[in-house]
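Observations on chain architecture
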Amino acid sequence: MRTSQPERDAGSYRDPSGFVFRYDNGIYRAVADDHWPIVEKLLNSPLWQNLETSGWVISTEIVPTADPVHRRLRDHHPEYHHFLRHRPLERISYPYEWSFSMLADAALLHLRLQRKLLEQNFSLKDASAFNVQFSNAQPIFVDVLSLARPTRMDIWPAYGQFCRMFLYPLLAYLTRRLTPRQLFLGSLDGLTAKEAYYIIGPLRSLAPTYFLDVFLQYLIEKSITPDKVRSLRKRVAVSRGDARAQILNLARLERKVLRLKKKWNPSSSWQSYQKKCTYSDDGRIAKADFVQRVLAAEKPQTVLDLGCNTGHYSRIAAGTGASVLAVDTDHDCIEVLYREASQEKLPILPLLVDIANPTPGVGFRNQERRAFLERATSECVLALALLHHLLVAARLSLASIRDLLADLTKKMLIIEYVDRKDPMFQTLLALRDDLYGDLTRDLFIATFSERFEVIEEYPIPDTQRCLYHLRKR
Amino acid sequence: MVVAYIDPGTGGIVLQMLVAAVIGVGVFFRQRIAALFRRKPAPSPPASPQRDENQST
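Residues numbered from 1 in each chain as written. Chains lettered and ligands numbered in written order. Predicted model: local features only at pLDDT ≥ 70, side-chain atom pairs only at ≥ 80, totals over all residues.

**Focus: the overall build of chain B**
Note the threshold: A helix here means a DSSP run of H or I that spans at least four residues, while a strand means a run of E at least two residues long, and both kinds are numbered starting from the N terminus. Three exposure classes are used. Buried residues have 20 or more other C-beta atoms within 10 Å of their own C-beta, exposed residues have 12 or fewer, and partly exposed residues fall in between, all C-beta atoms being placed from the backbone.
Scanning chain B for helices and strands turns up two helices and zero strands. Sorting the 57 residues of chain B into buried and exposed places 16% on the buried side.

Spelled out as structure tokens, the structure:
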């Protein structure tokens, strides 16, 4: 299939040196003439090759002028002469969907990348968490145009942004358990020094961990006047080739982020779920076998695991060769799954998403960062041990759950029917009205049959639950 | 509001300039002191590369 018109990325408009667009199922970037020399020099350098092979930056190639694609791109964008082609990523995610360690790893990538770039007199001109994506549970830097050649090397102009986007949210999580979701959805630019100061607390911000980056920075910011800012401009523009002060600062920040990362161990109530839950060992093994068998036979390329918990079934799906998007509402589950997936480099992207209240489209015109449901569609959706949560906790009707799942899947659905006699269903009902008296397997089938065709039905031994392999009509 | 005109990264830049200055002063004096001690065992070495570094700080 050929898209005749290039489709510009709605989030790519801030940087005047170029923008990203989709064309012919590829991801391209137009680069403005004045920025081209730096980009060309960088992309042809051994440093860039090095960064690409170590997986730190997105694979990027220059579209040659002789390439017929180049001529067509020129026709569409007559004001641009230079184009790059990027390796397309399976999934796009945003910092408000990441867990603590994902944000920490994206921070470390920035610091290490900046140190490497400094060796060749390049520098990151910004430090935005939105410039990082995840592939095989590894952070990867995607914005080539964030690279510049500054004159003054002893300071990193993006340090303040690094604090707002990475350091403060990490500290806010550690001190107050505020998740990136809670912090970033309110402000795409992260936390200001002032906000961080008050979240951490005036007294606590005097402690060594916070003193320099939070307290002092807030203090300075408070005392700055417009006059001082204008005189600062000249000072930043001076030429100073000695980068040692900056390297020291980067190394200090890297040690700090590593220390923060080690400091915290997830303790999710869901982690032990697999062990203490309703299943006998036979039931659990049978359930895993069913999922494994169906996925191995159908071979979906992309799988969306809703309510993934710590990712038992995401791993099974990844084992059959699928690229998996695994979502859960529990931060610690996502954290545990990310740590494991990251260590084993599994094709799993764990995200903190509440499917009953999925991430909205945010930013300029509500289009800058796309809504979760636009990014989530997959060939197969797994909805295991999910139905009772959506029915009871989220108060959704069977029909609305069916429509949601039908919209999310392109081909098939593996869903677990949970009867209201099930002990976990009863636990959810403990302090709520029981509105589910008429819920039966027959009603479930009748409702779902409107959008799906039943391929296989499999009652899980020793339980009130039943697995279904459904195909979208 | 004055605050609305000031880039949120300003504090970070000023902070780094201060830190860079402190480090610069530190390095300068450390080299001066080190140079003092080094002179004792070796009476007359020719101009060392440390001189150049002094100039850059």
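What follows continues from the structure just given.
**Comments concerning the overall build of chain A**
What counts here: As a reference, a globule follows 2.2 Å times the number of residues to the power 0.38, and the radius of gyration itself is taken over C-alpha atoms. It is the C-beta atoms, placed from the backbone, that decide contacts: two residues are in contact if theirs lie within 7 Å.
Secondary structure summary: chain A contains 19 helices and 16 strands in total. Here the C-alpha atoms of chain A give a radius of gyration of 25 Å, agreeing with the 23 Å that 2.2 N^0.38 yields for 473 residues. Referenced to the eigenvectors of the C-alpha coordinate spread, the extents of chain A come out at roughly 75 × 65 × 35 Å. Buried positions account for 42% of the 473 residues belonging to chain A. Counted over contacts in chain A with a minimum sequence separation of 6, partners at least 24 positions apart contribute 68%.

**Focus on the domain arrangement of chain A**
Interfaces are often sized by the accessible area lost when the parts come together. All names here are of chain A. Heads up, the rule is: These domain boundaries are the output of an automatic or database domain assignment. All residues other than Ala, Val, Leu, Ile, Met, Phe, Trp, Tyr, Cys, Pro, Asp, Glu, Lys and Arg, Gly among them, are scored as polar; the first ten of these are nonpolar and the last four charged.
Assigned domains of chain A: these are domain 1 (7-88), domain 2 (96-263) and domain 3 (273-472). Spacing between the C-alpha centres of domain 1 and domain 2 amounts to 26 Å. Between domain 1 and domain 2, the contact holds 18 residues from the first and 14 residues from the second. Of all the secondary-structure elements, those providing two or more residues to the side of domain 1 that touches domain 2 are strand 3 (26-31), helix 1 (36-43) and helix 2 (46-53). When residues in the side of domain 1 that touches domain 2 are grouped by element, the largest group, three residues, is from helix 1. A class-by-class count of the residues in the side of domain 1 that touches domain 2 yields 10 nonpolar, six polar and two charged.

**Section: the nonpolar core**
Grouped burial of nonpolar side chains is what soluble globular proteins tend to show. Residues and elements named next belong to chain A. Test applied: For this entry, the nonpolar core is defined as buried Ala, Val, Leu, Ile, Met, Phe, Trp, Tyr and Cys residues connected by C-beta atoms within 7 Å.
Membership of the largest hydrophobic core comes to 132 residues, with the highest contact counts inside it found for Leu103, Leu170, Leu382 and Ala383. For this core, the element with the most residues is helix 5 (residues 159-176), which contributes 11 residues. When neighbours within four sequence positions are excluded, Ala383 is seen to be in contact with Leu306, Leu405, Leu413, Ile415 and Glu416.

**A short note on the interface of chain B and chain A**
In this complex, chain B contributes 17 residues to the contact, which on the side of chain A involves 27 residues. Among the elements that line the side of chain B that touches chain A, the one with the most residues is helix 1 (residues 10-39) of chain B, at 11 residues. Tallied by class, the residues present in the side of chain B that touches chain A amount to 11 nonpolar, six polar and no charged.

**Focus on the pairing of strand 15 (residues 452-459) of chain A**
Residues and elements named next belong to chain A. Put simply, the rule reads: Two strands pair if DSSP finds at least two bridges between them.
Here strand 15 runs beside strand 16 (residues 465-472); their pairing, made up of seven bridges, is antiparallel. Pairing of Phe452 across the sheet is with Lys472, part of strand 16. Hairpin connection, strand 15 to strand 16: the antiparallel pair is bridged by five residues, and Asp462 has positive phi, about 65°.

**As for the sheet that holds strand 12 (residues 348-352) of chain A**
Whenever strands of a sheet pair, they do so through backbone hydrogen bonds, lying parallel or antiparallel. Residue and element names in this part refer to chain A. Our working rule: Simply put, an axis is a line fit to the C-alpha atoms, just over the touching stretch for a helix, and the angle between two N-to-C directions goes from 0 to 180 degrees.
Strand order in the open sheet made by the seven strands is 12-11-10-13-14-16-15, with mixed pairing throughout. The sheet is open, and its two borders are formed by strand 12 and strand 15, each paired with just one other strand. Pairs of neighbouring strands in the sheet enclose a mean axial angle of 15°, with direction left out of account. Of the strand pairs in this sheet, strand 14 (residues 409-418) and strand 16 are connected by seven bridges, and their pairing is antiparallel. Within the sheet, the bridge partner assigned to Ile415 lies in strand 16 and is Tyr468. Sheet strands in contact with helix 14 (residues 331-344) are strand 11 (323-328) and strand 12, and its direction is about 160° off that of strand 12.

**Description of the packing of helix 5 of chain A against helix 7 (residues 193-200) of chain A**
Each packed pair of helices is defined by two parameters, the angle between the axes and the distance between the axes. All names here are of chain A. Definition in use: For classification, angles of less than 35 degrees are called roughly parallel, those exceeding 145 degrees roughly antiparallel, those between 65 and 115 degrees roughly perpendicular, and all remaining angles oblique.
Across the interface, helix 5 lies against helix 7 with an axial gap of 10 Å and an inter-helix angle of 10°. Judged by the angle between their axes, helix 5 and helix 7 are roughly parallel. On helix 7, the residues that touch Cys163, Tyr168, Leu171, Ala172, Thr175 and Arg176 of helix 5 are Ala193, Ala196, Ile199 and Ile200. Looking at the contact of helix 5 with helix 7 residue by residue, the classes come out as eight nonpolar, one polar and one charged.

**A short note on the packing of helix 17 (residues 398-408) of chain A against helix 19 (residues 441-448) of chain A**
Residue and element names in this part refer to chain A. Under the convention used in this document: Helix crossings get a hand from a simple test, with the near helix turned counterclockwise from the far one by less than a right angle marking a left-handed crossing and a clockwise turn marking a right-handed one.
At their nearest, the axes of helix 17 and helix 19 sit 9 Å apart, and the two run at 45° to each other. Considering the angle they form, helix 17 stands oblique to helix 19. Crossing geometry of helix 17 relative to helix 19 is assigned as right-handed. Of the residues in helix 19, those touching helix 17 at Leu398, Ala399 and Arg402 are Phe444, Thr447 and Phe448. Across the contact of helix 17 with helix 19, the residue classes break down as four nonpolar, one polar and one charged.

**Brief notes about helix 13 (residues 312-319) of chain A**
An α-helical turn contains 3.6 residues, so any two residues separated by three or four positions project in the same direction. All names here are of chain A. Counting buried positions over the eight residues of helix 13 gives six, a clear majority of the element. For helix 13, every residue scored as buried is listed here: Tyr313, Ser314, Arg315, Ile316, Ala317 and Ala318. Buried residues along helix 13 sit against helix 12 (281-298), strand 10 (302-306), strand 11, helix 14, strand 12 and strand 13 (378-383). Following helix 13 by one or two positions, Gly321 adopts a phi angle in the positive range, close to 100°.

**Overview of the environment of A:Leu390**
All names here are of chain A. Its place among the elements puts Leu390 in helix 16 (residues 387-393). Owing to 21 C-beta atoms within 10 Å, Leu390 belongs among the buried residues under this scheme. Measuring from C-alpha to C-alpha, the distance between Leu390 and Gln301 comes to 26 Å, with 89 residues separating the pair along the chain. The residues touching Leu390, leaving out its near neighbours within four places in the chain, are Ala356, Leu396 and Ile401.

**With respect to the sheet that holds strand 3 of chain A**
All names here are of chain A. Here five strands make up an open sheet; going across it, the order is 1-2-3-5-4 and the pairing antiparallel. The sheet is open, and its two edges are formed by strand 1 (7-8) and strand 4 (60-62), each paired on a single side. Across five bridges, strand 3 lies against strand 5 (residues 82-86) in antiparallel orientation. Paired with Arg29 across the strands is Leu84, a residue of strand 5.

**Considerations on unusual backbone geometry**
Residues and elements named next belong to chain A. At Asp24, a position not held by glycine, the phi torsion is positive, near 55°. Inspection of the secondary structure assignment puts Asp24 in the loop between strand 2 (18-23) and strand 3. The phi dihedral of Asn25 is positive, around 65°, even though this residue is not glycine. Positionally, Asn25 belongs in the loop between strand 2 and strand 3. Asn25 sits in the exposed class, given 9 other C-beta atoms within 10 Å.

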